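Breakdown of the fold
Each chain is listed here by its residues.
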Amino acid sequence: MRIALFATCIVDAMYPRVALATVRVLERLGHEVVFPPGQGCCSQMHVNSGYLADALPVVRNHVKAFTAADYDVAVAPSGSCVASLGHQQPMVARAGGDEELAAAAEAVAGNTYELSQLLTDVLGVTDAAAQLGSWFPHTVTYHPSCHGMRLLRLGDRQKDLVASVAGVELVELPDAEECCGFGGTFSFKNPDVSAAMAEEKIGNIEATGAELCTGGDASCLMHLGGAMARRGTGVGTVHFAEILASTRRNPLEVSGPVELSIPRRPARPSSSVPTQTAGGPR
Amino acid sequence: MSRTALGMPAVRPVHGHGRLHTAVPFPEAAEAELGNTQMRANIRHATHTIRGKRARVVEELPDWEELRSAGSAIKEQVMAHLPELLEQFEANVTARGGTVHWARDAEEANRIITGLVQATGSTDVIKIKSMATQEIALDDHLEAHGITATETDLAELIVQLGHDRPSHILVPAIHKNRHEIRDIFLEQMPETDESLTAEPRDLAEAARKHLREKFLSTSVAISGANFGVAETGTLTVVESEGNGRMCLTLPETLITVMGIEKIVPTFEDLEVFLQLLPRSSTGERMNPYTSMWTGVTPGDGPQDVHVVLLDNGRSAVLSDPKGRSALHCIRCSACLNVCPVYEQAGGHAYGSTYPGPIGAILSPQLTGITSEQNASLPYASSLCGACYDVCPVKINIPEILVHLRDEDVRTQHGERSDDGAAAAPARTRRTPKAPSQMDLLMKGASFVMSSGRRMALAEKGLPLGRVVAGKDRAISWLPGVVGGWTDERDIPAPPRESFRNWWAGHAGETDQRLAADGAAGPADVPHDRPGDAQPVDAPHDRPEEDR
Ligand code: SF4
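Quick caveat: nothing in here was measured; it's all calculated off a predicted structure.

1. Digging into the overall build of chain B
Check the secondary structure of chain B and you find 24 helices and 12 strands. Residue burial in chain B is summarised as follows: out of 547 residues, 56% are buried. Carbon together with sulfur atoms contributes 53% to the accessible area of chain B, which is approximately 23,600 Å² in total.

Structure representation (structure tokens):
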């Protein structure tokens with residue numbers, strides 16, 4: 001299949017390795033990955049901040065870029081951005097009085113999958129170790145991001161994929177379904193409440209004893225990773241695409257998607273994670 | 001362009017008044033509340049308990065989703081026919097010996113109610129289910145006219161005695177624990193014995209003694225209503241304690257204040273809501289007391305029955321097709337109990353009678369987004385969507401929040417006129433503002449993000465971010481509107497190269513990538529530790545690798 005990658009703005013600019021991991025996984029399954037060069041952003045940042053008028057050109061651009069490209073299905077390693085395509089783009093187009101754009105946006109959204117959706121529902125991946133050769137010998141816990149969980153109804157797709165990776169020890173996160181407090185511009189319009197929410201989440205993550213927290217939204221992981229780094233927590237964050245991409249031959253050195261997810265001051269010096277694997281600021 | 005012809009009355013939606021405004025913007029109010037660790041612990045405990053109970057009893061019903069749809073559909077029907085339904089309701093109440101009063105806003109409602117109480121000659125009233133009366137600040141008005149009101153709902157009594165404000169729809173005293181309540185009782189109820197313990201049973205007994213005396217000696221009651229049935233003129237109050245029933249049956253005069261959105265068309269419709277409400281609200285299959293009354297029954301219960309139909313901004317909400325479903329709310333409080341923002345900030349941070357997610361959409365709509373004080377409320381959410389999932393009448397709260405944010409942004413720049421603003425006091429009216437930092441940020445981002453070429457160009461500047469970040473690869477301070485982020489969190493240093501720019505030179509290297517991963521075919525590897533892995537000299541297949 002020819003699969004169009006929608007890298008999303010944050011992954012493109014801040015976490016290129018997550019995009020590459022997505023590519024590696026899909027190529028391993030024998031698919032061709034293309035990157036529609038006109039792509040920019042899904043418009044979520046503008047919509048969620050109330051700037052619907054400013055979101056319109058962003059929507060128009062996305063629809064144009066993905067209508068023009070030649071592919072079978074599109075994929076993005078982000079639940080919230082895929083949700084934005086389906087839930088927000090047609091709304092923005094209609095608010096701007098452009099019915100034609102709304103219909104085109106719906107068509108593009110209808111053929112765009114979140115990574116775990118594509119892997120499980122379309123490509124039939126149920127066992128990452130066997131089908132992708134994924135290998136990641138770490139204890140991880142999983143945080144389901146709100147939009148993937150509630151707007152896309154991803155269910156346990158991401159978690160199950162991670163659990164099927166060889167070497168992974170998955171530990172349940174208490175109150176997993178609670179928001180991490182990111183919320184886009186919410187995190188700096190209401191920084192105190194956002195931080196209190198992160199604090200709650202981080203407490204739960206620490207309680208699991210996991211080395212890493214994984215999830216499917218780079219922005220939530222950036223927020224959590226940033227707060228954990230500030231706190232000096234010994235836990236890192238990693239996008240699940242990178243866990244899937246990691247193999248025995250080319251293992252993921254745990255340093256990103258969030259570079260600073262690595263403890264700057266190791267909170268637990270007796271950590272059993274070998275430092276070259278847990279990484280360190282390089 | 002529409003014009004008002006000469007001689008035509010200017011019909012404009014009138015916005016609400018009373019306790020609907022925040023005194024301080026939400027972020028500041030929340031910051032202050034966050035410091036109150038006792039309050040936060042109390043709220044956390046209470047919301048998590050009710051949340052669990054709700055989930056259990058909802059799970060029992062195989063047709064819960066159908067019930068939600070039915071509730072939502074009935075409410076939509078009500079909104080579409082509100083004027084007729086209200087008139088039908090009025091006709092039926094009147095036919096059965098009751099009197100209906102129409103109040104456009106808080107001032108009018110307060111005047112009507114105070115007049116009715118004064119006409120009885122009583123200087124004391126007892127109250128139950130009084131959310132609507134809190135909205136209009138009735139107690140203050142009564143007090144100014146020498147009338148003392150006593151709340152009889154236990155939690156509301158605690159709030160009243162503590163000279164406090166309610167912080168939750170269902171459990172107004174949720175922010176207090178039983179030790180704090182004991183102290184309030186001892187201080188405010190002089191008849192209470194010093195030996196009072198903080199045991200719930202003891203506290204309830206003390207309140208009961210205090211209230212019984214009021215029930216037996218007060219001849220006027222003021223209530224709210226959960227539902228009003230148009231086809232019969234019946235009013236309904238559901239409650240847990242039975243104090244409401246005392247209020248509704250013992251006095252001679254009963255005045256009910258009901259928001260106009262509380263109407264349902266038929267008696268049968270109650271079937272749906274009497275299932276949805278208790279399960280969503282208290283996590284019970286059925287609430288212990290459901291009281292219904294229709295006008296006056298000679299020789300039984302209050303013989304002088306009044307209903308005040310309160311608008312106070314509701315018509316204005318109804319006039320907005322995108323926001324009007326906020327009026328579907330049956331005040332179950334389920335959205336509060338799952339909201340992570342409410343959990344941290346508590347009810348007082350929302351500054352109005354209506355806290356939590358529903359408050360964040362209802363208060364600014366009732367007062368108009370043109371009210372400066374409430375403009376911060378639609379931003380008091382991370383849009384996580386938990387409230388929508390849980391709402392028994394399927395109000396899409398996140399979508400309305402986004403809609404209101406858009407209204408706010410446009411109002412700020414004078415792009416949106418709000419007719420109701422003319423009716424609002426001048427001090428609350430907003431004047432168009434010059435572009436803020438946020439506006440400029442959004443404009444700039446929109447320009448860059450609406451072109452792949454411009455994105456690629458902008459991303460060439462990423463290494464600059466690395467310089468800012470310095471050695472430890474973390475940015476710990478940013479200026480301006482985004483500074484809130486770095487007060488609490490670090491930002492990772494950006495990579496050397498964006499994916500798009502890296503991909504431009506590496507797209508065709510599929511074979512190298514596959515070889516490097518060595519992952520062609522199933523890997524039957526044992527689950528061992530990384531120390532055993534043979535590091536391979538992978539080709540330079542990764543963007544931004546620091547080597
Ligand atoms: S908005 Fe929905 S969940 Fe919230 S109080 Fe109203 S009915 Fe209940």
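On we go.
2. Quick look at the site of the ligand
Every residue lining the ligand is accounted for by B:C329, B:I330, B:R331, B:C332, B:S333, B:C335, B:I358, B:C391, B:P392, B:V393, B:I395 and B:I397. Residues of the shell around the ligand, tallied by class, amount to 10 nonpolar, one polar and one charged.

3. Some thoughts on the interface of chain A and chain B
On the chain B side, the residues contacting the 87 residues of chain A number 93 residues. Across the chain A to chain B interface the summed buried area is about 8,200 Å²; carbon plus sulfur atoms make up 57%. Viewed at the interface, chain B and chain A are joined by 11 salt bridges. For B:D389, the salt bridge is made with A:R153, and the minimal N-O distance between the two is 2.8 Å. At the junction of chain A with chain B, the criterion picks out 31 residue pairs in polar contact (both at pLDDT 80 or more).

4. Quick notes on the sheet that holds strand β7 (residues 253-259) of chain B
Residue and element names in this part refer to chain B. In space, the six strands of this open sheet follow the order β1-β10-β7-β4-β2-β3, with parallel pairing throughout. Each end of this open sheet is capped by a strand with a single partner; those strands are β1 (99-103) and β3 (148-151). Direction aside, neighbouring strands of the sheet carry axes that sit 25° apart on average. Bridging between strand β2 (residues 124-128) and β3 involves four bridges; their strand directions are parallel. Residue pairing for β3: V125 is matched across the bridge by A149. In the packing of helix α5 (residues 106-120) onto the sheet, the strands contacted are β1, β2, β4 (220-223), β7 and β10 (304-310), and the crossing angle to β1 comes to about 145°.

5. Remarks on the pairing of strand β5 (residues 139-142) of chain A
For a regular strand, side-chain orientation follows a simple rule: the groups alternate between the two sheet faces. Residues and elements named next belong to chain A. Burial of the side chains of β5 extends over both faces: T139 and T141 are buried on one face and V140 and Y142 on the other. Pairing analysis gives three bridges linking β5 to strand β6 (residues 169-171), with the strands arranged parallel. Its bridge partner being in β6, T139 is matched across the sheet by E169. For β5 and strand β7 (residues 212-215), the ladder comprises three bridges, and the chain directions are parallel. The residue of β7 that forms the bridge with Y142 is T214.

6. Quick word on the environment of B:S72
All names here are of chain B. Along the polypeptide, S72 turns up in helix α3 (residues 64-80). Owing to a relative accessible area of 12%, S72 belongs among the buried residues under this scheme. Counting along the chain gives 48 residues from S72 to T120, while the straight-line C-alpha distance between them is 40 Å. Look past the residues within four positions of S72 in its chain and what remains in contact with it is H328, V393 and K394.

About the cut-offs
Residues numbered from 1 in each chain as written. Chains lettered and ligands numbered in written order. Predicted model: local features only at pLDDT ≥ 70, side-chain atom pairs only at ≥ 80, totals over all residues. Heavy atoms only, no water. Helix = DSSP H or I, 4+ residues; strand = E, 2+ residues; numbered from the N terminus. Buried < 20%, exposed > 50% of the residue type's maximum accessible area, 1.4 Å probe, protein only. Areas by Shrake-Rupley, 256 points an atom, 1.4 Å probe, with all protein chains shown as cover. Near = heavy atom within 4 Å. Nonpolar A, V, L, I, M, F, W, Y, C, P; charged D, E, K, R; others polar. Contact = heavy atoms within 4.5 Å. Buried area = accessible area lost by both parts, 1.4 Å probe. Salt bridge = Lys/Arg side-chain N within 4 Å of Asp/Glu carboxyl O. Polar contact = N/O pair within 3.5 Å; in protein donor to acceptor, adjacent residues only side chain to side chain. Pairing = 2+ DSSP bridges. Axes fitted to C-alpha atoms, helices over the stretch in contact; angles between N-to-C directions.

That is the geometry; function is a separate question.
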